[in-house]
Amino acid sequence: MPKPVLIVGAGLSGAVIGRELAEAGHVVHIIDRRSHIAGNCHTARDEASGVMVHVYGPHIFHTNDDEVWRYVNRHMTFMPYVNRVKTTSAGQVYSLPVNLHTINQFFGRTFRPDEARDFIQSQSDPSIGEPVTFEDQALKFVGRELYEAFFEGYTRKQWGCSPADLPASILKRLPVRFSYDDNYFSHLYQGMPEHGYTEMVARILSHENISIELERNFVRTDAGDFSHVFYSGPLDGYFDYELGRLGYRTLDFEEFQYDGDYQGCAVMNYADADVRYTRVTEHKHFSPWEKHERSVCYREYSRACGPDDEPYYPIRLSGEQALLAQYVARARFEQGVTFVGRLGTYRYLDMDVTIREALDTARSCIRAFADGSPLRAFNIEP
């Protein structure tokens, strides 16, 4: 029998690649340093309240990818869920993303859509050509007042630097709507797994060709016992941080419980810079088909990621890009390993993109295994 395949990480990338390989007849061993599967989308029932808690912060599934939507629903029924985010700014509550209601409420007006569009255009800074920074993007498309009310303070807390130091691409992900549509996402498919993400991942991993070992760290010498390694851990961590650490932001969660309904919504952002936390999440609202008397909430704080912290958001500024290029160059010389997922490619990935890339990577590698061609270090360029 050929050697089994090793997958490092039992999150979405590892689980999907493992299942595809297992169904193709490969023997797969998956290890994870944590005590649970599902990575950062891990969910668990709170014993006191019965609420399904998103342990590492909220994960809301949204996609336009038909195959990915069929794939997740094959393993778990997804319940309808619309992400309606609120934000508190200067003592008032508004809806996000910025929409017609936000604009009318903030400016005390009753604009129609075309009037609001013209008004916002009049607020924008015409001196900015092609936006380069986050601040440029905001000032050009929503103007200074909305920028300072909803984006500047929140962004400083989230990223730990001035918006003038961040790329415009971060803000380009956030829409401005000239309608009363307050759905945070515009994707065709949106929902939540009925029994949580961890149960969904457990079902993906449920195959006779897959074995799982938790609380197990990976060392490079492990690779010799396997025909190939799919590594979804931190790219710099694979090389023991020999060139330095890539920059991430991490999150701290201050959990508290409340009798009843604490804030009436799942996510309440806090845009003011003098409020230390970025948002409060109330987890029972992520499962609106369930009923719970008590509530489990998180206050969420963002800060620089230290050596012992969980890496959440890759920073990818110029210094990190230079270091990333060095690690990518080293990775290309590695034999028998493919780097995958959010941490393995040092990119921010939504869940649907993670699954899509995992499916494509697995299928490409299955073909390579079959015809004996070499596997690439990266199926997706970092």
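In the nomenclature of an unreviewed UniProt entry, the chain corresponds to UDP-galactopyranose mutase from the organism Rhizobium wenxiniae. Checking UniProt for the chain, the heading Sequence similarities (unreviewed entry) contains the comment "Belongs to the UDP-galactopyranose/dTDP-fucopyranose mutase family." Quoted verbatim from the Cofactor (unreviewed entry) field of UniProt, the annotation for the chain is "FAD".

*Asks:* Could you give an account of the overall build of the chain, with specific residues and numbers?
*Replies:* Helix and strand counts for the chain come out as 12 helices and 17 strands. Taking 382 residues into account, the globule formula puts the C-alpha radius of gyration at 21 Å, and the chain, at 22 Å, falls close to it. Across its three principal directions, the C-alpha atoms of the chain cover 70 × 50 × 35 Å. Residues counted as buried form 55% of the 382 residues belonging to the chain. Across the chain, the fraction of contacts at a sequence separation of at least 24, relative to all contacts at a separation of at least 6, is 72%. Per element, the accessible surface of the chain, about 17300 Å² overall, is 49% carbon and sulfur.

*Asks:* For the pairing of strand β7 (residues 85-89), give the residues involved together with the corresponding values.
*Replies:* In terms of residue burial, β7 counts as a mostly covered element, since 4 of its 5 residues are buried. The pairing of β7 with strand β8 (residues 92-96) spans 5 bridges and is antiparallel. For Ser89, the partnering residue across the bridge sits in β8 and is Gln92. Between β7 and the antiparallel strand that follows it, β8, lie 2 residues; Ala90 among them carries a positive phi value of about 50 degrees. Bridge count between β7 and strand β13 (residues 267-270): 3 bridges; the pairing is parallel. From the neighbouring strand, Thr87 faces β13, where its bridge partner is Asn269.

*Asks:* Residues and numbers for the sheet that holds strand β16 (residues 313-314), please.
*Replies:* Taken together, the 7 strands give an open sheet; going across it, the order is β8-β7-β13-β14-β15-β12-β16, and neighbouring strands pair in mixed fashion. The open sheet has two edge strands, β8 and β16, and neither has a second partner. Note that strand β14 (residues 279-282) and strand β15 (residues 294-304) share 4 bridges and pair antiparallel. Counted as the bridge partner of Val280 is Arg299 from β15.

*Asks:* How would you summarise the sheet that holds strand β6 (residues 78-80) if you had to cite specific residues and measurements?
*Replies:* Read across the open sheet, the 3 strands follow the order β5-β9-β6; overall the sheet is antiparallel. Looking at the sheet topology across the chains shown, the edges are occupied by β5 (61-63) and β6. Averaged over all pairs of adjacent strands, the angle between strand axes in this sheet comes to 45 degrees, irrespective of strand direction. Bridge count between β5 and strand β9 (residues 189-193): 3 bridges; the pairing is antiparallel. Residue Phe61 lies in a different strand from β9, and its bridge partner there is Gly191.

*Asks:* Lay out the domain arrangement of the chain with the relevant residues and their values.
*Replies:* As assigned here, the chain comprises domain 1 (5-79 + 193-244 + 315-371) and domain 2 (99-170). Between domain 1 and domain 2, the C-alpha centre-to-centre distance is 36 Å.

*Asks:* Give a description of the pattern of salt bridges that names residues and reports values.
*Replies:* One pass over the full model with this rule turns up 30 salt bridges. Asp222 is the salt-bridge partner of Arg216, the closest N and O atoms lying 3.0 Å from each other. Residue classification places Arg216 among the partly exposed positions, given a relative accessible area of 26%. The structure contains a network of salt bridges with shared partners spanning Glu20, Asp65, Glu67, Arg356, Asp360 and Arg363.

*Asks:* Report on the packing of helix α2 (residues 66-75) against helix α12 (residues 351-371), specifying residues and quantitative values.
*Replies:* Angle between the axes and distance between the axes are the two parameters that describe a pair of packed helices. Across the interface, α2 lies against α12 with an axial gap of 10 Å and an inter-helix angle of 95 degrees. Considered as vectors, α2 and α12 are oriented roughly perpendicular to each other. Contact with α2, carried on its side by Glu67, Val68, Tyr71 and Val72, involves Asp352, Ile355, Arg356, Leu359 and Arg363 of α12 and no other residues of that element. Counted by class, the contact of α2 with α12 contains 5 nonpolar, no polar and 4 charged residues.

*Asks:* With reference to specific residues and values, describe the pairing of β9.
*Replies:* Most of β9 is tucked away: 4 of the 5 residues are buried. Bridge analysis of β6 against β9 gives 3 bridges, and the strand direction is antiparallel. In the strand pairing of β9, Met79 is matched with Met192.

*Asks:* Which residues make up the packing of helix α1 (residues 12-23) against α2, and what are the values?
*Replies:* At a minimum axis distance of 13 Å, the contact between α1 and α2 shows a crossing angle of 80 degrees. Between α1 and α2, the crossing angle belongs to the class labelled roughly perpendicular. Together, Val16, Arg19, Glu20 and Glu23 of α1 and Tyr71, Arg74 and His75 of α2 make up the contact between the two elements. Tallied by class, the residues present in the contact of α1 with α2 amount to 2 nonpolar, 1 polar and 4 charged.

*Asks:* I'd like to hear about the packing of aromatic side chains, residue by residue, with values.
*Replies:* This structure, assessed with the given rule, holds 31 aromatic pairs. With a centroid separation of 5.6 Å and 55 degrees between ring planes, the pair formed by Phe106 and Phe150 is classed as tilted. In this pair, Phe106 is assigned in helix α3 (residues 100-107) and Phe150 in helix α6 (residues 143-159), connecting sequence segments 44 residues apart. Aromatic pair Phe218 and Tyr238: ring centres 6.0 Å apart, planes at 20 degrees, arrangement stacked. Of this pair, Phe218 sits in the loop between β10 (210-214) and β11 (228-231) while Tyr238 sits in helix α9 (residues 235-238), and the two are 20 residues apart along the sequence. The two residues Phe218 and Tyr238 agree in class, both being buried. Three or more aromatic residues joined by ring pairs make a cluster, and in this case those are Phe218, Tyr231, Tyr238, Phe239, Tyr327, Phe339 and Phe378. Lying over the aromatic face of Phe141, Lys140 brings its terminal NZ or CZ to 5.9 Å of the ring centre. In this structure, Arg220 is placed above the aromatic ring of Tyr238, and the distance from its NZ or CZ to the ring centre is 5.6 Å.

Calculation rules
Residues numbered from 1 in each chain as written. Predicted model: local features only at pLDDT ≥ 70, side-chain atom pairs only at ≥ 80, totals over all residues. Heavy atoms only, no water. UniProt positions renumbered as here; feature names shortened; annotations may be inferred. Helix = DSSP H or I, 4+ residues; strand = E, 2+ residues; numbered from the N terminus. Rg over C-alpha atoms; globule rule 2.2 N^0.38 Å. Buried < 20%, exposed > 50% of the residue type's maximum accessible area, 1.4 Å probe, protein only. Contact = heavy atoms within 4.5 Å. Areas by Shrake-Rupley, 256 points an atom, 1.4 Å probe, with all protein chains shown as cover. Pairing = 2+ DSSP bridges. Axes fitted to C-alpha atoms, helices over the stretch in contact; angles between N-to-C directions. Domains from an automatic or database assignment. Salt bridge = Lys/Arg side-chain N within 4 Å of Asp/Glu carboxyl O. Parallel < 35°, antiparallel > 145°, perpendicular 65-115°, else oblique. Nonpolar A, V, L, I, M, F, W, Y, C, P; charged D, E, K, R; others polar. Phe/Tyr/Trp six-rings, centres within 6.5 Å; stacked < 30°, edge-to-face > 60°. Lys NZ or Arg CZ within 6 Å of the ring centre and 35° of its normal.

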